[in-house]
Amino acid sequence: MARNILKLGALEAQKTAFLLCDIQETFRPHVKHFGEVVKVANKMVAAAKVFNIPVYVSEQYPKGLGHTTKDINISDAALVYEKTKFSMYTPELQEKLKKDVPNLSSVILFGIEAHVCIEQTVIDLLNEDINVHVLADGVSSRSLMDRGLALQRFQSIGCFVGTSENVLFKLLRDKNNPAFKEISKLNLKPTPDEFGMSS
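Residues numbered from 1 in each chain as written. Predicted model: local features only at pLDDT ≥ 70, side-chain atom pairs only at ≥ 80, totals over all residues. Heavy atoms only, no water.

S.K.: Explanation requested: the overall build of the chain in the structure shown.
M.R.: Of regular secondary structure, the chain possesses seven helices and six strands. In sequence order, the secondary structure elements of the chain are arranged as β-α-β-α-β-α-β-α-β-α-β-α-α. Here the C-alpha radius of gyration of the chain, 16 Å, is about what a compact globule of 199 residues would show, namely 16 Å. By its C-alpha atoms, the chain is 45 × 35 × 35 Å across when sized along the principal axes. At a minimum sequence separation of 6, the contacts of the chain that also span at least 24 residues come to 78%. Across the chain, the mean location of the 24 positive side-chain charges is 3 Å away from that of the 23 negative side-chain charges. (Helix = DSSP H or I, 4+ residues; strand = E, 2+ residues; numbered from the N terminus. Rg over C-alpha atoms; globule rule 2.2 N^0.38 Å. Contact = heavy atoms within 4.5 Å. Lys, Arg positive; Asp, Glu negative; His and termini not counted. Charge placed at Lys NZ, Arg CZ, Asp CG, Glu CD.)

If you want it as structure tokens, here you go:
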């Protein structure tokens, strides 16, 4: 019997949600590769429109830590919500996902910090039997050691770790997909090598 293709890391746009975690301006001076994380977030927000995939944006305690950086246009997000919990998978998000993506099977996750909020979100999603794809070029931490170890842990607990380009072409599947030209334009620049698994 054939294995469930989504369990192997395939993606279907209509069963997918994008989660943008806590990319708040306050963190810019402290988080390594913050600029790269912002670029990837913008790429994913643009791709979400093309694929008609909803984007959910969390902000960690915005009263004290401020809002998502203005460098990312989140005006079309399906939900922008505040949290104090480190995991994005709050009751508010769960309710909205049930309404928006009733057949949700996969989540694409990006933002900060890899070893705290991203990791705790990964654990909660995997616990609900949702396939999780973390963007290696779209997550970071204050420490590169924390980031690198988090990426290793994600793989060891059953998460798919890939790049934004990898995930977007999985969503395309076929050169004849009408979205091919727009998505290809978003991927003209390759993933920076210095932002690898261990850096």
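S.K.: Explanation requested: helix α1 (residues 34-51) in the structure shown.
M.R.: Counting along an α-helix, one turn takes 3.6 residues, and residues three or four places apart therefore face a common direction. Across its 18 residues, α1 extends 26 Å between first and last C-alpha, which sits within 8% of the 26 Å expected from 1.5 Å per residue. Three or more residues of α1 are buried, namely Phe 34, Val 37, Val 38, Val 40, Ala 41, Lys 43, Met 44, Val 45, Ala 47, Ala 48 and Phe 51. Following α1 by one or two positions, Asn 52 has its phi on the positive side, about 60 degrees. (Expected span 1.5 Å × (residues − 1). Buried < 20%, exposed > 50% of the residue type's maximum accessible area, 1.4 Å probe, protein only.)

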